[in-house]
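Structural overview
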Amino acid sequence: MKRFLIIAITLSVVVFVGFYLYFVEGAYVAFLSEDKVDTPFFTEDQQFFVEDADGKRQIEIKGVELDSSYGPQRGNDFTIKEDVWKRWFGMIKEMGANTIRISTVMDATFYEALYHYNENNEDPLFLIQGIRVSYDEVNGDENGERMRFYSLLKEDARDVIDIIHGRNLILTNERKGSGLYRFDLSPYVIGYLIGDEWNQDMISYLDHTLNDDETRFNGEYIQTTPEATSFEKLMASLVDDMLRYETNKYQTQRPIAVNSTFVMDPFEYPAHIRQQLGKINRFTMDHFVSKDQHLSGLFASYSYEEWPEEAFQFIETESAKVTMSDYLSELTNVHDMPVIMSSFGYPSETYINQAYDQGDKLIEGLTMFQESGLNGAIIRSFQDVWDRRNVTTAFMYDLQQIHEFSDALTPNQHYGLIGFKPYRDEVLMTIDGNKSDWEDVTSLSAGTDATIKVTRDHAYLYIMIESEAIQENNPLYFGFDFHPELGVSHINQMDLTLTEPIEFLLGILPDMGGVMRVVENYQASRQQFLERVNGVNPYVTLPKEPPVFERFMIAERNQELTEENGTEYTYPYTFSDVFPLVLNGTVNQTDIHLGDNHVELRIPYGLLNIYDPLKPTIHDDYYANYGVEPLSIDGFHLSMLTGNGLETDSIWVPLDSLSGDVSVEEVIKPSYERVKSYWGGEDE
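Residues numbered from 1 in each chain as written. Predicted model: local features only at pLDDT ≥ 70, side-chain atom pairs only at ≥ 80, totals over all residues. Heavy atoms only, no water.

**A closer look at the overall build of the protein chain**
Of regular secondary structure, the protein chain possesses 12 helices and 34 strands. Every one of the 684 residues in the protein chain was classed for burial, and the buried ones make up 56%. At a minimum sequence separation of 6, the contacts of the protein chain that also span at least 24 residues come to 70%. (Helix = DSSP H or I, 4+ residues; strand = E, 2+ residues; numbered from the N terminus. Buried < 20%, exposed > 50% of the residue type's maximum accessible area, 1.4 Å probe, protein only. Contact = heavy atoms within 4.5 Å.)

And the structure:
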């Protein structure tokens, strides 16, 4: 018995050690020769190719980006189940895509789902595996090999290689996925994409501080040209390490790219253009030269940006005006390898300031990329992502909770081909004049001639009023008092004095829609962006007294460029009025339903300066706090005015906290069907 226990324990230890070495440490022995290296995907003659049972076949990348977030569930929590992934894979394939892109290590469930979807599938879905940069790991080391960010990037690169070959175990990971990765996806992985959007200051720092004793990097698989920058050499060493690791351990290679953006393209711009675009670096994959042992090839990759066409005037063309299409053709021609657009997209109409149709813009972009000679494009993204931020609105919210609600003012959250509509308890609110979704909401106007109901979910504040004073063709106004000290009683636009002060005035105008106004001293973007819009310090030049109502504004990047000898400086941002809320629009996009004796509306939280709708908190006085500070509230005052100046009594609307646990319904956007039609996807 004792001998049996010893043998059992020994075998258990051996199995555990073997498991640990195989999955955790990735132990391997390199013994095969070069001529046995497999290249299921490779680049050649500026094209992508796949080698399968039918032989060598050229492919064009038709891709879509996937994120790990699901509505209010953060991406870093990796809550998406296998059945959801597989259902989405099916939808992506039906749309006509052949590739998905992920930007970082996902949890094991994702890879298992993709394996099971592709297994025995004659038309599998390919994968481009990304490796995301950790900027917070950059330190001041002069030697690139010792930099924390670079060593972590190398660790992540080796991790993803082991993951796609089904040989990794990651127990915990704060920023990326974890789990037991035991499914071999390598037959479906086109290549690796290093980086997402690079920090330009970091690249400039590396180029100026890394030791540069050698004229070029000379690795086993990759070397660089003498013109390569220090950053390019650093990335070449990473690519070389990835090729060496995958070749020695798995006897296979696949194409690799370092993702770039237009702001670091290979071209030389006039000095005044460089300064305005923030172009301080240049990067090109063509400074990477493959050696004989490198069989799979390289490719170039760019994230798409909307640039003013004035920036491209250095390009010589026969036409009088240089266009974005001309620039893309030049970008394609300057490379001796395939070029793809790794990320491009536009917000849908669920973003409040969307000025165009998402589907139209996507088709326009896909057509332009193809005509410019690119080898494919990846749409950003398949699903809306609630925890994405934007510099023009991030200051308005509690960024620790931003994933828990959908914000109509943040364009980055609405790039998906599908979206998520939150439930209010078990009810989906719809602005259509139907009162069925209001049945459980208590009226706040008992004993009066009007019925006033207010409720909210994780995207909007909803108001429903029935009153004989409401007429479909007459203006209607709502006043909101959230802050106990900042409201004003006089409405300068209407020459009307209210019995209660308000900070916000929503005018429902039959010819425009719902126009939101706010008193100047509570205009959120003013205190944050005024100096970047016109050079005026908002805390030196204070709002007028008494404050007047003005259109609610948001800051947007200024697309205009100053001419070379221009006398006036062009500031990087400009203010834009928030578009009116949509009045009596389509079923999918209506913010206000107005009829005789009835109005129903929804208001995004951002238009009411709500900092965290779940608690809830609002913005406190900007000019007392020199910025945004949260102020807890338990309700607000609401008043209604008709076009002829008839005012209702102000009512108190209590606001309870919202739970972070909310269900959502997936909504397929019209842009999905547009892309499906363009790519020749399958009919149901």
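**Thoughts on the packing of helix H4 (residues 148-164) against helix H6 (residues 230-250)**
Put simply, H4 and H6 touch, their axes get as near as 10 Å, and they point 30° apart. Of the possible angle classes, the one that applies to H4 and H6 is roughly parallel. Crossing geometry of H4 relative to H6 is assigned as right-handed. Within the contact between the two elements, H4 uses Phe149, Tyr150, Leu153, Lys154, Ala157, Arg158, Ile161, Asp162 and Ile164 and H6 uses Leu234, Met235, Ser237, Leu238, Asp241, Met242, Tyr245, Glu246, Lys249 and Tyr250. For the contact of H4 with H6, the residue count by class is 12 nonpolar, one polar and six charged. (Axes fitted to C-alpha atoms, helices over the stretch in contact; angles between N-to-C directions. Parallel < 35°, antiparallel > 145°, perpendicular 65-115°, else oblique. Left-handed = near helix turned anticlockwise from the far one by under 90°. Nonpolar A, V, L, I, M, F, W, Y, C, P; charged D, E, K, R; others polar.)

**Considerations on the packing of helix H5 (residues 200-209) against H6**
Running from N to C, H5 and H6 cross one another at 95°; their axes reach a closest spacing of 7 Å. In terms of orientation, H5 and H6 fall into the roughly perpendicular class. Of H6, the residues touching H5 (which contributes Ile203, Leu206 and Asp207) are Ser230, Phe231 and Leu234. Its residues assigned to classes, the contact of H5 with H6 shows four nonpolar, one polar and one charged.

**Observations regarding the pattern of salt bridges**
The tally for this structure, following the rule as stated, stands at 29 salt bridges. Between Arg282 and Glu268 there is a salt bridge, and its shortest N-O distance comes to 3.1 Å. Remark: Glu268 occurs in the loop between strand E11 (256-261) and helix H7 (271-277) and Arg282 occurs in the loop between H7 and strand E12 (288-290); sequence separation between them is 14 residues. Residues Arg602 and Asp591 are paired through a salt bridge, measuring 2.8 Å at the closest nitrogen-oxygen approach. Of the two residues, Arg602 is situated in strand E28 (residues 598-604) and Asp591 in the loop between strand E26 (573-577) and strand E27 (592-595); the sequence distance between them amounts to 11 residues. (Salt bridge = Lys/Arg side-chain N within 4 Å of Asp/Glu carboxyl O.)

**Description of H5**
Owing to its 3.6 residues per turn, the α-helix aligns residues three or four sequence positions apart on the same side. What H5 keeps buried is the set Gln200, Met202, Ile203, Ser204 and Leu206. Buried-residue contacts for H5 involve H4, H6 and E11.

**Here we look at the side chain of Ser68**
Its place among the elements puts Ser68 in the loop between strand E4 (61-65) and helix H2 (82-94). Within the structure, the side chain of Ser68 is placed 2.8 Å from the backbone oxygen of Gly75, a separation counted as a polar contact. In this structure Ser68 touches Arg74, Gly75, Asn76, Phe78, Ile80, Trp85, Met106 and Gln383, once residues within four positions along its chain are discounted. (Polar contact = N/O pair within 3.5 Å; in protein donor to acceptor, adjacent residues only side chain to side chain.)

**A look at the environment of Thr215**
Locating Thr215 in the fold gives a position in the loop between H5 and strand E10 (222-224). Measuring from C-alpha to C-alpha, the distance between Thr215 and Thr225 comes to 8.2 Å, with 10 residues separating the pair along the chain. Setting aside anything within four residues of it in sequence, one finds Thr215 in contact with Thr225, Pro226 and Lys233.

**Side note on helix H10 (residues 524-534)**
Among the residues making up H10, those that are buried are Ala524, Ser525, Arg526, Gln527, Phe529, Leu530 and Val533. Where H10 is buried, its residues touch strand E25 (553-557), E26, strand E30 (617-619) and helix H11 (622-625). Backbone geometry just downstream of H10 places Gly535 in the positive-phi region, at approximately 85°.

**Re the sheet that holds E11**
With parallel pairing, the eight strands of this closed barrel are ordered in space as E4-E5-E6-E9-E11-E13-E14-E15. Strand after strand, the sheet turns through a mean of 25° between neighbouring axes, direction not considered. Judged from the five bridges that link them, strand E6 (residues 126-131) and strand E9 (residues 189-194) form a sheet pairing that is parallel. When the bridges of E9 are listed, Gln129 appears paired with Tyr192. Packed onto the sheet, H4 meets E6 and E9 and runs at close to 160° relative to E6. (Pairing = 2+ DSSP bridges.)

**Here's the deal with the packing of aromatic side chains**
Tallied over the entire structure, the rule returns 45 aromatic pairs. With a centroid separation of 6.0 Å and 80° between ring planes, the pair formed by Phe262 and Trp307 is classed as edge-to-face. Here Phe262 is found in the loop between E11 and H7, whereas its partner Trp307 is found in the loop between strand E13 (300-303) and helix H8 (324-333), with 45 residues between them in sequence. The class for Trp307 is buried, based on a relative accessible area of 10%. The ring of Tyr573 has Arg557 sitting right over it, with the charged end atom 4.9 Å from the ring centre. (Phe/Tyr/Trp six-rings, centres within 6.5 Å; stacked < 30°, edge-to-face > 60°. Lys NZ or Arg CZ within 6 Å of the ring centre and 35° of its normal.)

**Considerations on the sheet that holds strand E19 (residues 476-481)**
Spatial ordering of the open sheet is given by E24-E23-E22-E19-E32-E33, a layout of six strands whose pairing is antiparallel. Every other strand in the sheet has two partners, leaving strand E24 (549-551) and strand E33 (651-654) as the edge strands with one partner each. Averaged over neighbouring strand pairs, the angle between their axes works out to 30° when direction is ignored. Bridge analysis of strand E23 (residues 513-519) against E24 gives three bridges, and the strand direction is antiparallel. Of the residues in E24, the one forming a bridge with Arg517 is Arg551.

**A short note on the side chain of Thr43**
Among the secondary structure elements, Thr43 is positioned in strand E1 (residues 41-44). Engagement of the side chain of Thr43 in a polar contact is seen with the backbone oxygen of Leu298, the distance being 3.1 Å. Discounting residues that sit within four places of it in the chain, Thr43 has contacts with Phe48, Pro255, Ser296, Gly297, Leu298, Phe299 and Pro338.

**Structural notes on the pairing of strand E2 (residues 47-52)**
Where E1 and E2 come together, four bridges link them in antiparallel fashion. From the neighbouring strand, Glu44 faces E2, where its bridge partner is Gln47. Where E2 lies against strand E3 (residues 55-59), five bridges are found, and the strand directions are antiparallel. Paired with Phe48 across the bridge in E3 is Ile59.

So yeah, pure geometry; function would need other evidence.
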